[in-house]
Amino acid sequence: MSDNIQTVTVLSKTTWTPNLFSFTVSRPDSFKFTAGQFVRLGVNPSHLNYYKQQGEAGNDVANEALNEDIFRAYSIVSSPFDEVLEFFSIVIPNGAFTSQLQHLEVGDELLLNTMPFGFLTLARYQKPLPKDLWLLATGTGLAPFLSMLQDLKTWEDYEHIILAYSARSIEELAYVDKIKSLQEDFGSLVDNPAKLIFIPIVTREPVEGALTERLPKLLLDGTLQERAGIALDVDSTHVMLCGNPDMVEDTKETLKSLGLVMNRRGEGNIAVENYW
């Protein structure tokens, strides 16, 4: 096993829908990361309690076939300063990783590659200077933004933070209670904190208070900017995109059509992460 691979223990699990869940694991003492980064998590299905119980019932052949380490990239939900690590996962039918991970139980052990990856971090923005931060997410793409919003520096550096979070149904709009408490829990700890504006979007059913169209359309017709009460401005706007690859691509192109530019070498408005 690589020196970077450490064993971590599952401490809790939250099921949001049959296909969405989150979980926390123990954090190795030496592990450090920047809000917005991701890690590679590993699971050996045959080591999970779920499969051990099946083995005891006489399913040893199946266990033998599942006895391999499978790794996938996961953004970290928790703050860089939390004592535990939290992750947000979707269950992909027949997926080699998530179809096994859905069986997680408290006490199970996973593998953590302690080398963090990714550049979807606020440090990448050198110009324009921080003023308005737009965090646009679908599904589990919310994860890195929750990490950023639990870092006090984010609240210190910006005037406005707009979190637009899109899901297909109200049940899939996870972490809403946590989002609504962020201003008090974190913004209140700094002088002159940013104002958090949360815009929920539910695309496949009407929900009171939520927008209903896809992010590119909401940006193009100005609905999102109107709801936020803030305009997109090449000289003051930072935009981060994370989630469904089609959303990321379409929204990126829409933002470019509105005059914003990709962030390269520290300059520009739009930042994305493509690790799917």
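Report follows, based on the coordinates. (Residues numbered from 1 in each chain as written. Predicted model: local features only at pLDDT ≥ 70, side-chain atom pairs only at ≥ 80, totals over all residues. Heavy atoms only, no water.)

### What about the sheet that holds strand S11 (residues 270–272)?
Here is step 1: Reading across from one edge, S9-S8-S7-S10-S11 is the order of the five strands in this open sheet, with parallel pairing throughout. Each edge of the sheet is formed by a strand with only one pairing partner; in this case those strands are strand S9 (195–202) and S11. In this sheet, neighbouring strand axes are inclined to one another by 15° on average, regardless of whether the strands run parallel or antiparallel.
Here is step 2: Pairing geometry for strand S10 (residues 237–242) and S11, over three bridges, is parallel. Counterpart to Leu241 in the pairing with S11 is Val272.
Here is step 3: Running over the sheet, helix H6 (residues 176–185) touches strand S8 (160–167) and S9 and is turned about 160° from S9.
Here is step 4: Sheet strands touched by helix H9 (residues 245–257): strand S7 (132–138), S10 and S11. Its angle to S10, the strand with the most contacts, is close to 160°. (Pairing = 2+ DSSP bridges. Helix = DSSP H or I, 4+ residues; strand = E, 2+ residues; numbered from the N terminus. Axes fitted to C-alpha atoms, helices over the stretch in contact; angles between N-to-C directions. Contact = heavy atoms within 4.5 Å.)

### Things to note about H6
Here is step 1: Turning to H6, its buried residues are Val176, Ile179 and Leu182. Within H6, the buried residues cover an arc of 100° as seen down the axis, which keeps them to one side. The exposed set on the far side of H6, more than 90 degrees from its buried face, consists of Asp177, Lys180 and Glu184.
Here is step 2: Against the buried residues of H6 lie helix H4 (143–148), helix H5 (152–157), S8 and S9. (Buried < 20%, exposed > 50% of the residue type's maximum accessible area, 1.4 Å probe, protein only. Arc of directions from axis to C-beta.)

### Topic: the environment of Leu129
Here is step 1: One can find Leu129 in the loop between strand S6 (109–117) and S7.
Here is step 2: Judged by its relative accessible area of 65%, Leu129 is exposed.
Here is step 3: Along the chain, Leu129 and Glu267 lie 138 residues apart, while their C-alpha atoms are 9.4 Å from each other.

### Side note on the pattern of salt bridges
Here is step 1: Across all of its chains, the model carries six salt bridges by this definition.
Here is step 2: Notably, a salt bridge pairs Glu172 with Arg168, separated by 2.8 Å at the nearest N-O pair.
Here is step 3: On the basis of relative accessible area, Arg168 is assigned to the partly exposed category, the value being 39%.
Here is step 4: Of the charged contacts, one joins Glu253 and Lys256 as a salt bridge, the two residues approaching to 3.3 Å between their closest N and O atoms. Taken as a pair, Glu253 and Lys256 lie in helix H9 at a separation of three residues, close to a single helical turn.
Here is step 5: With a relative accessible area of 36%, Glu253 lands in the partly exposed category. (Salt bridge = Lys/Arg side-chain N within 4 Å of Asp/Glu carboxyl O.)

### Remarks on the pairing of S8
Here is step 1: Counting buried residues in S8 gives seven out of eight residues, a clear majority hidden from the surface.
Here is step 2: As judged from the seven bridges shared by S7 and S8, these two strands associate in the parallel manner. Note that in S8 the partner of Thr138 across the bridge is Ser166.
Here is step 3: Taken together, the eight bridges between S8 and S9 define a ladder with parallel strand orientation.

### Observations regarding the nonpolar core
Here is step 1: Counting 38 residues, the largest nonpolar core has Leu135, Phe145, Trp155, Ile161, Leu163, Tyr165 and Met240 as its most contacted members.
Here is step 2: Put simply, the parts of the chain that give this core at least two residues each are S7, H4, S8, H6, S9 and S10.
Here is step 3: Residues within four places of Ile161 in sequence aside, it is in contact with Leu133, Leu135, Leu149, Thr154, Trp155, Ala194, Lys195, Leu196 and Ile197.
Here is step 4: Residues Trp134, Ile199, Leu218 and Leu260 belong to the second largest nonpolar core, which totals 24 residues. (Core = buried A, V, L, I, M, F, W, Y, C linked by side-chain atoms within 4.5 Å.)

### Points about the sheet that holds strand S4 (residues 70–75)
Backbone hydrogen bonds are what pair the strands of a sheet, in a parallel or an antiparallel way.
Here is step 1: The six strands are arranged S4-S3-S6-S1-S2-S5 in an open sheet whose pairing can be described as antiparallel. Bordering the open sheet on either side are S4 and strand S5 (84–90), each of which pairs with just one other strand. Put simply, the sheet's adjacent strands are angled 40° from each other on average, direction ignored.
Here is step 2: In the sheet, strand S3 (residues 38–43) pairs with S6 via four bridges, with the strands oriented antiparallel. Opposite Gly42, over in S6, you have Leu111 as the bridge partner.

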